[in-house]
Amino acid sequence: MEIASILIVGGGLSGFTVAQNLRSRGFTGTLGIIDPAGIPYDRPPLSKAYLLGTKDAAGIQLAPDAWFAEHRVDVMVGSVAKLLLEPLGVRLDDGRELLADRLVLATGGAARPLPIEGGDLDSVLVLRDRNDADRLRSKLSEGTELTIIGAGLIGAEVASAAVELGAKVTLVDPIDPPLVPAVGPELARRLHDMHGTAGITTIQGAPARIVRENGKHLIEMADGSVITGDEVLVGIGIVPNTVLASDAGLQTDNGVVVDEHQRTSHPLIYAVGDAARTRTGSGELLRRAEHWEHAMNTGATAAASLLGQGLPQHGASWFWSDRHGVHVEGVGDMNAEGRTVLRLVDGAPAAAFRLGAGGNMLGAAAIDGGLTVKAARRIIDRGIIVDQEALADPNMPLKKLAR
Ligand SMILES: Cc1cc2nc3c(=O)[nH]c(=O)nc-3n(C[C@H](O)[C@H](O)[C@H](O)COP(=O)(O)OP(=O)(O)OC[C@H]3O[C@@H](n4cnc5c(N)ncnc54)[C@H](O)[C@@H]3O)c2cc1C
């Protein structure tokens, strides 16, 4: 059957990419995106330029308003309360029902709540959407005491932006250093130590209770110590938004389970981005990715798949992060079984390469080394075996080894 209409639930990067790719791949039918936030915007700036005020709401839109009219993508402001299966469609929380030939779930995730007493206080901040960023920004001024629970990617980025805005930041994490699975222990150590240099207090420990007293937050730690401050932000990851799928009887498992075509267990419903989790053809359930490029890649795959076209090829998974004036990138799997070759610049680790038993590269990460990571990705994707001495030599452009 010719597909006449497609509805995308969620207008983040993955939902937007599905729409963009459907049009660029020639889909001429009715196309809609439903999202309470309206016109799609990009999330990474929320902990960087948008929080710092160097980009505004218009500056983080994924496309100008006119693009949606030109490409006949109908952006509907609303929230889907239920998926309808017979006939296929959605019911919005205002009761409206919309039907379509295919549905795409691009619902992303919600900030993971801190599972301790006081973790759910209204005054405890999180950062997932633009409203959260506006609220956080409004709380930060010269001298604000901000405690951040979770020193992963978002916690670290907010810490960096907040000190720039004049806040006094305390960064709490049970693991020291955090991010080892993403960038390896050597780069993780260097990155975490940058917080101290920037004047941030880092504390290794787990919070046990949050209490609000006289306008302040008291964070009681498991070891009995107490951190007192004005504001608390929790950045401990996300929970994928899978309720619509599970209520409709679709298979979920810490994500909406999809195959390599982004098809869910319902033949007419697809899922993409942070909300989706792939089961490979051989039955392996992969780790759910929560990165910007993965949202784009899965969006492109879903569009191709919906139109019965050949699937695009994507390289090893890649992410970036910015903090304290440095740019971090990682590709592949730094946690894979194997050993690490380091590249030192002025005695400090600038890049790390994870090699498997056969000398094949499985992962790479670098600080201020975008070109190195780009070349490493090529090496990983092509299975090129590189000389380890050359790999460790900071004067050897990795591009030369990627040929
Ligand atoms: C602050 C921040 C900084 C980040 N920085 C980086 C970075 O530096 N590098 C990197 O690689 N990644 C980064 N990421 C991750 C990246 O932004 C995400 O992986 C990406 O946004 C995922 O896109 P998505 O479309 O799957 O989900 P989302 O962007 O979360 O979009 C999901 C959308 O679905 C909507 N929705 C949910 N439920 C419903 C419903 N029932 N009805 C209608 N709509 C619904 C939501 O409103 C939301 O707009 C960052 C994320 C955040 C939050």
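In the block above lies the structure referred to throughout.
In short, a report on the structure. (Residues numbered from 1 in each chain as written. Predicted model: local features only at pLDDT ≥ 70, side-chain atom pairs only at ≥ 80, totals over all residues. Heavy atoms only, no water.)

Attention now moves to the site of the ligand. Residues in close proximity to the ligand total 35 residues, the closest being Ser14, Asp35, Lys48, Arg128 and Asp274. Interatomic distance of 2.7 Å between a side-chain N/O atom of Arg128 and an oxygen atom of the ligand. Elements with a contribution of two residues or more to the shell around the ligand: helix H1 (13–24), strand S2 (30–35), helix H5 (153–164), helix H9 (292–306) and strand S20 (318–323). Here the residues of the shell around the ligand sort into 15 nonpolar, 13 polar and seven charged. (Near = heavy atom within 4 Å. Polar contact = N/O pair within 3.5 Å; in protein donor to acceptor, adjacent residues only side chain to side chain. Helix = DSSP H or I, 4+ residues; strand = E, 2+ residues; numbered from the N terminus. Nonpolar A, V, L, I, M, F, W, Y, C, P; charged D, E, K, R; others polar.)

Before going further, it helps to examine the environment of Ile227. In this structure, Ile227 sits in strand S14 (residues 226–229). What makes Ile227 buried here is its relative accessible area of 9%. C-alpha of Ile227 to C-alpha of Leu171: the two residues are 56 residues apart in sequence and 10 Å apart in space. Contact partners of Ile227, with chain neighbours within four places excluded, come to Thr147, Thr170, Val172, Ile203, His217, Leu218, Ile219 and Met221. (Buried < 20%, exposed > 50% of the residue type's maximum accessible area, 1.4 Å probe, protein only. Contact = heavy atoms within 4.5 Å.)

Let us look at the packing of aromatic side chains. Inspection of every chain in the model, using the stated rule, returns five aromatic pairs. When the centroid spacing of 5.3 Å and the interplanar angle of 55° are considered together, the rings of Phe16 and Trp67 count as tilted. Here the residue Phe16 occupies a position in helix H1, and Trp67 occupies one in helix H3 (residues 65–70), the gap between them amounting to 51 residues. For the pair Phe16 and Trp67, one class covers both residues: buried. Each residue in the set Phe16, Trp67 and Phe68 is aromatic and connected to the rest through ring pairs, giving one cluster. One cation-aromatic arrangement involves Arg130 over Tyr41; the distance from NZ or CZ to the ring centre is 4.2 Å. (Phe/Tyr/Trp six-rings, centres within 6.5 Å; stacked < 30°, edge-to-face > 60°. Lys NZ or Arg CZ within 6 Å of the ring centre and 35° of its normal.)

With that settled, consider the sheet that holds strand S11 (residues 201–204). Pairing is parallel across the open sheet formed by four strands, whose spatial order is S11-S10-S9-S15. For this open sheet the edge positions go to S11 and strand S15 (231–234), each flanked by a neighbour on one side alone. Taken pair by pair, the neighbouring strands of this sheet meet at an average axis angle of 20°, ignoring direction. Bridging between strand S9 (residues 145–149) and S15 involves four bridges; their strand directions are parallel. Each bridged residue has a counterpart across the sheet, and for Thr147 the counterpart in S15 is Val232. (Pairing = 2+ DSSP bridges. Axes fitted to C-alpha atoms, helices over the stretch in contact; angles between N-to-C directions.)

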